[in-house]
Amino acid sequence: MTAGDLDIERAVAELADDLPLPLRALARVAYDYRWSWSADGPALFAAIDPERWARSAHNPRRLLTETAQANLDRAAGDAAFLQRVARLALELAAERARPSCGGPVDAAHPVAFFCSEFGVHGSLPIYSGGLGVLAGDILKEASDMALPMVGVGLMYRSGYFHQRIDANGLQHEYWIDSDPERLPCVKVTGADGRALAFTVPLDDEDVEVQVWRVDVGRVPLYLLDTDLPCNSEFGRWVSARLYEGNRAIRLAQYAVLGVGGVRALRALGIAPSLYHLNEGHSVLCLCELMAQARADGAGDGAWERVRGQLVFTTHTPVAAGNESYQRDEVLAMLGRITELGADRERFLALGRVDPANPGQPTAMTALALRASRHANAVSRRHGEVARAMWQPLFPGLSADQVPISHISNGVHVPTWLQGAMRALLDRYLGPGWMLRAGQAATWEPLRGIPARELWAARCEARAQLVQLVTRRATRDRLRRGDPLAYAKAAGSGFDAQRLTIGFARRLATYKRLHLVALLPERALALIGGAHPVQFLFAGKAHPDDADAKDVVHRVFALKQAPGVAGRAAFLEDYDLALAAPLVAGCDLWVNLPRSPNEASGTSGMKSCLNGGLQLSVLDGWWAEAWDGSNGWSIAGDVQADAQAQDQRDAHTLFDLLEREIVPMFHQRDAEGVPLRWVEMMRNSLLRNGPRFSATRMLGEYVEQVYRAS
Ligand SMILES: *Cc1c(COP(=O)(O)O)cnc(C)c1O
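Everything quoted here is computed from the prediction, not taken from an experiment. (Residues numbered from 1 in each chain as written. Predicted model: local features only at pLDDT ≥ 70, side-chain atom pairs only at ≥ 80, totals over all residues. Heavy atoms only, no water.)

### Regarding the domain arrangement of the chain
Threshold: The split of the chain into domains comes from an automatic or database domain assignment. In what follows, residue pairs with any heavy atoms lying within 4.5 Å of each other are defined as contacts. A quick way to say it: buried area is the sum, across both parts, of accessible area lost when two parts are put together, with a 1.4 Å probe. Each salt bridge in this description consists of a side-chain nitrogen of Lys or Arg and a carboxyl oxygen of Asp or Glu lying within 4 Å of one another. For the purposes of these results, a polar contact is taken to be a pair of N or O atoms within 3.5 Å, where, inside protein, one atom must be able to donate a hydrogen and its partner to accept one; residues adjacent in sequence count only when each atom of the pair is a side-chain atom. For this classification, the nonpolar set comprises Ala, Val, Leu, Ile, Met, Phe, Trp, Tyr, Cys and Pro, the charged set comprises Asp, Glu, Lys and Arg, and every other residue, Gly included, is treated as polar.
One can read the domain layout of the chain as domain 1 (5-97), domain 2 (108-279), domain 3 (283-407) and domain 4 (413-692). Computed over C-alpha atoms, the centres of domain 3 and domain 4 are 38 Å apart. Between domain 3 and domain 4, the residue contacts involve nine residues of the former and 15 residues of the latter. Carbon and sulfur atoms supply 54% of the area buried between domain 3 and domain 4, which totals about 810 Å² over both sides. On the domain 3 side of the contact with domain 4, Pro317, Arg380 and Arg381 bury the most area, a combined 57% of that side's loss. Counting across the domain 3 and domain 4 interface gives one salt bridge. Linking Arg381 and Asp619 is a salt bridge whose minimum nitrogen-to-oxygen distance equals 3.4 Å. Taken together, the links from domain 3 to domain 4 amount to seven residue pairs in polar contact (both at pLDDT 80 or more). For the side of domain 3 that touches domain 4, the per-class residue count stands at four nonpolar, three polar and two charged.

### Points about the packing of helix α18 (residues 419-429) against helix α19 (residues 451-479)
The criterion, for reference: In this analysis an axis means a line fitted to C-alpha atoms, helices contributing only their contacting stretch, and an angle means the value between N-to-C directions, from 0 to 180 degrees. Numbered from the N terminus, helices here are DSSP runs of H or I no shorter than four residues, and strands are runs of E no shorter than two. Orientation is classified from the angle alone, with under 35 degrees giving roughly parallel, over 145 giving roughly antiparallel, 65 to 115 giving roughly perpendicular, and any other angle giving oblique.
Viewed as axis vectors pointing N to C, α18 and α19 meet at an angle of 150°, and their least axial separation amounts to 8 Å. Taken together, α18 and α19 sit at an angle that is classed as roughly antiparallel. Residue-level contacts link Ala420, Met421, Leu424, Arg427 and Tyr428 of α18 to Glu453, Leu454, Ala457 and Glu460 of α19. Classifying every residue of the contact of α18 with α19 by side-chain character gives six nonpolar, no polar and three charged.

### Focus on the site of the ligand
Here is the rule we go by: To be near a molecule or strand, a residue needs just one of its heavy atoms within 4 Å of it. Here the accessible surface of atoms and residues is derived via Shrake-Rupley with a 1.4 Å probe, and residues count as covered only by protein chains that are part of the display.
Residues in close proximity to the ligand total 14 residues, the closest being Lys511, Gly601, Thr602, Ser603 and Lys606. One nitrogen or oxygen atom from the side chain of Lys511 is found 2.8 Å from an oxygen atom belonging to the ligand. Within the side chain of Ser603, a nitrogen or oxygen atom sits 2.4 Å from an oxygen atom of the ligand. Compared with its free state, where it exposes 390 Å², the ligand has 95% of that area covered by protein. For the shell around the ligand, the secondary structure elements donating two or more residues are α8 (130-145), α24 (576-585) and α25 (603-609). Its residues placed into classes, the shell around the ligand shows five nonpolar, five polar and four charged. Two domains each provide a minimum of three residues to the shell around the ligand, namely domain 2 (108-279) and domain 4 (413-692).

### What to know about the pattern of salt bridges
Note the following rule: The buried label goes to any residue with under 20% of its type's maximum accessible area, the exposed label to any with over 50%, and the partly exposed label to all in between, with areas taken from a 1.4 Å probe on protein chains only.
Within the structure shown, the criterion is met by 52 salt bridges. In this structure, Arg28 engages Asp215 in a salt bridge whose closest nitrogen and oxygen atoms are separated by 3.3 Å. Taken as a pair, Arg28 in helix α2 (residues 25-30) and Asp215 in strand β7 (residues 205-216) lie far apart in primary sequence, 187 residues in all. Given the relative accessible area of 4%, Asp215 is considered buried.

### A short note on α8
What counts here: Helices are assigned an expected span. That span is 1.5 Å times one less than the residue count.
Here α8 contains 16 residues, and its C-alpha end-to-end distance of 22 Å stays within 8% of the 22 Å for a straight helix at 1.5 Å per residue. A large share of α8 lies buried, amounting to 14 of its 16 residues. Just past α8, the residue Ala146 takes up positive phi, approximately 60°.

### Considerations on empty space enclosed by the protein
Space left empty within the atom packing is revealed by a probe, the size of a water molecule, rolled over the atoms. We count it as follows: Using a grid of 1 Å spacing that covers the protein atoms alone, one calls a set of points a cavity when a 1.4 Å probe fits there but cannot get out, and a pocket when the set is open and has protein on both sides within 12 Å along at least five of seven lines; lining residues are those with an atom within 4 Å of a point. Grid points are joined across faces, edges and corners, and a volume is the space filled by probe spheres set on the points.
Across all of its chains, the model carries 10 cavities of 30 Å³ or more by this definition. There is about 250 Å³ of room inside the largest cavity. What lines the largest cavity is a set of 19 residues, among which Phe537, Val555, Val564, Ala568 and Ala569 lie closest to the centre. At the level of elements, α19, α22 (520-528), β16 (533-538), α23 (546-556) and β17 (568-571) are the ones that each hand at least two residues to the lining of the largest cavity. Residues of the lining of the largest cavity, tallied by class, amount to 15 nonpolar, no polar and four charged. Quantified by volume, the second largest cavity comes out at close to 60 Å³. Among the secondary structure elements, those contributing two or more residues to the lining of the second largest cavity are β15 (499-504), β16 and α27 (642-666). Counting residues per element, the lining of the second largest cavity draws most heavily on α27, at three residues. Its residues assigned to classes, the lining of the second largest cavity shows nine nonpolar, no polar and no charged.

And the structure:
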């Protein structure tokens, strides 16, 4: 039994009670996100009521409770549909029943994977971007590998913000509260039938915390929630928003995640073999683990015992992204986490670059690096950057001796490989190939796929994206009050045959979306040329990042130019639901980070899987993926003069587009297939498919990190 099993069973029974008898198996399916990466899962729910499915943000619990009875009855009377239900329910049940993989982690002592955000699915809005999506992909991959793991995170009531852009190109943010009672999750109860609860002392309040469970295949994800009536408004607010602007509240969140996370696992009866801290936000778990070790009588060995259980992944090569707190800030919020006792000074000191200097702030990353028995970065280049960046923590060691290794990120193939391309690869790569996606040999049959078929899959994915863009861009424009002719141009302008170029990610300034707007005449020439291209942009700027918002504004300024209306669109409110069709449908995926600020980047990997080609700065993952035959590169050198570098890189970007990319896309054989382009797709899939799959990534975590416990 795993904590929360009975609660899930109860919720499933309750949902099933309201369904027609033949559909009851769907209730269990609805409470396990495993459906979302099953080939037929999303289509199956959509078939019941496509409109309600969209309105519920693809949340099956809501769909099944909100759709009209007539829709359920119709589905219940459709024999072919019922066969699909049976197949999916069986698939999921078999998944759950599979024994755990033999390996370094036994089922009684799982890996506890801590992260401040989890991007599991669009209907569970507790993520903002790459870090969360990676965390979600790791849980899913652990499920596929039958690796014993539990996730620990926060149940943000209002999650990350939603984005609107007004007609002047100004970003506006708003938050929507999500109600966990309508999400596919359950509140975990104790043996007494009451909600399991414990407290975390924050500031001058003992804040009560409850725990939700969400099933991500075989992996339970436990989400901590302080929005309870017994807490003060402050206490309730702690778990309200992801990447909350208020520093003190963020520190309180880190304590709930770290200290609360360890308390939760103990209350749930889960004894992890190790704690994997994905980014430094959860490092305060150290305090609670030290207190436990001391209570167990570990004495002087407590520190080494705890260190032996912690492993850490750093994701942030930007200094400002590594948060630090002054001593008085820490003591004000966490002073009553009294279990720190004699360890308090040590803990404050180990987060300083120079532990002996009490004037320095305590940094989460520094603390995590010193407190963990293993630390890694997320790409080869990020490893080099992180070792140099944190060398001051290791006096006496040269940068290349700093104990930070790297495990390059990867993406969960069944989540990100979509539609026609998925069907094509399923047909050629053989049954169960996704479980072996980390091995180069799995991808070898790609060599035998006729160019015509690869191209047809690409064209189908693009056509689907164009359909979606047509609808969404029209709606976005109507909503922001653009002239009707401009809004309608989105309805007729985008073309399913046209070279489609995508740029979508968090709009941090280092991602340099502004390069596109730096040489407007060249951008407009491409849009209006003999072989016109179409551009799709999406991404959110952090509410406090004025520079990033200004970039959106500058890109929007181009919309007045003739011809742009039907050939470029900025799609609002980038999230998982929008990312999937974008990475699947774009022919070319562009990434322009200022080196060396891109730790890895993962959206390009998703594009790659779907046969998209990359045009990227040689930073993050692309620095180790590009080989000259599988996409295009822009130099990744580090320059002091940022403006000069921007000019140079913008020119390189447009040179490549004009001289190589656009001509190659239009160089067709007698059947209309661009053979050189397709060969590049093939090279890219062969080389990058296995290397940047989550299968390879998690395999490396198991062998290089988890096994050493
Ligand atoms: C994959 C993904 C990201 C990360 O993209 P990067 O290329 O790493 O910047 C961000 N947001 C969403 C919704 C994603 O799916």
